[in-house]
Amino acid sequence: MTALTLAPGGLNSNNCENVARKEEISEELEASSVDSLVNMPLATIDIRDDSEIIDASPINSKSKENEQIKSEQVKKRKRKLKDYQPNYFLSIPITSKEIIGGIKILQKAIIQQDNRLSKAMSGDGSFHITLLVMQLLNEDEINIGIDALWELKPYIEDILQGRCLTLPFQGIDTFRSQVGFVKLEEGDHINLLLEIAETAKKTFQEKGILAGENRSFKPHLTFMKLSKAPVLRRNGVKKIDPELYEKFINCRFGEEVLHRIDLCSMQKKKRSDGYYHCESSIVIGEKNGRDPDDAELVRLSKRLVENAVLKAVQQYLEETQNKKQPGEGSSVKTEEADRNGCDQDNNKK
């Protein structure tokens, strides 16, 4: 609205006339706007206010239906998240002999102080960094996970820009005195690893896979976990005593260069070397990476064969379905009848 200005003797009459004229013009414009709406092919529209145009009858029922559908979708999503139990994960395997040797010395020192904790120790071949956890419930979802892993490879290479990602490990810490792990040193490598983890999460979620955790990603190398042996709690071992590893609190364990990321199962039987069952792998920096071992080649070959068979079956089903056009059955029967008629004529001759 136009502000009224006060003159020495009272209100300015010219300003009053201008305001009155503007209000009159505004009312004329508003009336013409309503008239133009009524004359448009939207005769069933009910005008509630300047910002709300609502259909008088059908859209009200549709909006209720839409609200119910959205409500059901939210409930389903909540149920799905409630049932979310990760059973697969992306693993960065630890292959450095220096790191593995150092952890074995640490584990031995702890066991010597409390032999009961031997059951809580991680196996030699299972040392790794968990990059991402997820839920894959069947073969189809596993195949989608494998596709996502391979899509992740160029993204990681873009992040690293040809650089090696070296991960130095030093020091010991625990999660709530339940999980013992070797710490990753502070440095730029952590930011790169966090970026890779976030990219992995996004890549898998965009494929429709339930992936990730509520807590923030903290890269670590687990060497013991009390939950591996529930009998420990029954025997009174409820926490990892810091005195057990105090001599190693600042120990430097060595460096691991990121060269491979595996899609591993938490539940399937582990390999003979103690490492997790692996569905597929990507090699980072192939020029400097190792050649795939026999077991890995067998897995890749098996996966290629399975995909080829699935595609062949799908193509066969599509071709069969396309051939079954309306009227095709009657034409086949007619051809058979013609052939039978010809055979009978030949027999008569």
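Being a predicted model, the structure only gives us computed values, none of them experimental. (Residues numbered from 1 in each chain as written. Predicted model: local features only at pLDDT ≥ 70, side-chain atom pairs only at ≥ 80, totals over all residues. Heavy atoms only, no water.)

*Asks:* Describe the environment of Phe 127, with residues and values.
*Replies:* In this fold, Phe 127 is placed in the loop between α3 (97-113) and β6 (128-135). Among the residues examined, Phe 127 registers a relative accessible area of 1% and is labelled buried. Setting aside residues up to four positions removed in sequence, Phe 127 forms contacts with Pro 93, Ile 94, Ile 100, Ile 103, Gln 107, Ser 122, Leu 221, Thr 222 and Phe 223. (Helix = DSSP H or I, 4+ residues; strand = E, 2+ residues; numbered from the N terminus. Buried < 20%, exposed > 50% of the residue type's maximum accessible area, 1.4 Å probe, protein only. Contact = heavy atoms within 4.5 Å.)

*Asks:* Quick one: what's the story with the packing of helix α4 (residues 139-160) against helix α5 (residues 188-206), residue by residue and with numbers?
*Replies:* Two numbers describe how α4 lies on α5: the axes approach to 9 Å, and their chain directions differ by 145°. When you trace α4 past α5, the crossing you get is right-handed. Between α4 and α5, the contacting residues are Gly 145, Ala 148, Leu 149, Glu 151, Leu 152, Tyr 155, Ile 156, Ile 159 and Leu 160 on the first element and Leu 192, Glu 195, Ile 196, Thr 199, Ala 200, Thr 203 and Phe 204 on the second. Grouping the amino acids of the contact of α4 with α5 by side-chain chemistry returns 11 nonpolar, three polar and two charged. (Axes fitted to C-alpha atoms, helices over the stretch in contact; angles between N-to-C directions. Left-handed = near helix turned anticlockwise from the far one by under 90°. Nonpolar A, V, L, I, M, F, W, Y, C, P; charged D, E, K, R; others polar.)

*Asks:* Give a detailed account of the sheet that holds strand β11 (residues 252-257), specifying residues and quantitative values.
*Replies:* Spatially, four strands are ordered β10-β8-β7-β11 in an open sheet, and the strand pairing comes out antiparallel. The sheet is open, and its two edges are formed by β10 (220-225) and β11, each paired on a single side. Averaged over all neighbouring strand pairs, the angle between strand axes comes to 35°, with direction disregarded. As judged from the five bridges shared by strand β7 (residues 166-175) and β11, these two strands associate in the antiparallel manner. Paired with Phe 169 across the bridge in β11 is Gly 254. Of the strands in this sheet, β7, β8 (179-184), β10 and β11 touch α3, which is tilted by about 145° from β11. Here α5 sits on the sheet in contact with β7 and β8, set at roughly 85° to β7. (Pairing = 2+ DSSP bridges.)

*Asks:* Let's hear about the nonpolar core: which residues, and what values?
*Replies:* Leu 90, Met 134 and Phe 169 are the most contacted members of the largest nonpolar core, which totals 59 residues. The element that contributes the greatest number of residues to this core is α4, accounting for eight residues. Not counting chain neighbours up to four residues away, the residues in contact with Met 134 comprise Tyr 84, Pro 86, Asn 87, Tyr 88, Phe 89, Leu 90, Phe 204, Ile 209, Leu 210, Ala 211 and Leu 263. The next biggest cluster of nonpolar side chains, apart from the first, holds eight residues, and it includes Tyr 84, Phe 89, Val 133 and Cys 264. (Core = buried A, V, L, I, M, F, W, Y, C linked by side-chain atoms within 4.5 Å.)

*Asks:* Hey, could you go over the packing of aromatic side chains for me, with residue numbers and the actual values?
*Replies:* In total, this model carries three aromatic pairs according to the counting rule given. Considering the side-chain rings of Phe 89 and Tyr 276, the 5.1 Å spacing of their centres and the 85° angle between planes classify their relative orientation as edge-to-face. Of the two residues, Phe 89 sits in strand β5 (residues 88-93) while Tyr 276 sits in the loop between β12 (260-265) and β13 (278-283), which places them 187 residues apart along the sequence. Of the two residues examined, Phe 89 and Tyr 276, each falls in the buried class. A cation over an aromatic ring shows up here: Lys 270 above the ring of Tyr 276, its NZ or CZ 4.5 Å from the ring centre. (Phe/Tyr/Trp six-rings, centres within 6.5 Å; stacked < 30°, edge-to-face > 60°. Lys NZ or Arg CZ within 6 Å of the ring centre and 35° of its normal.)

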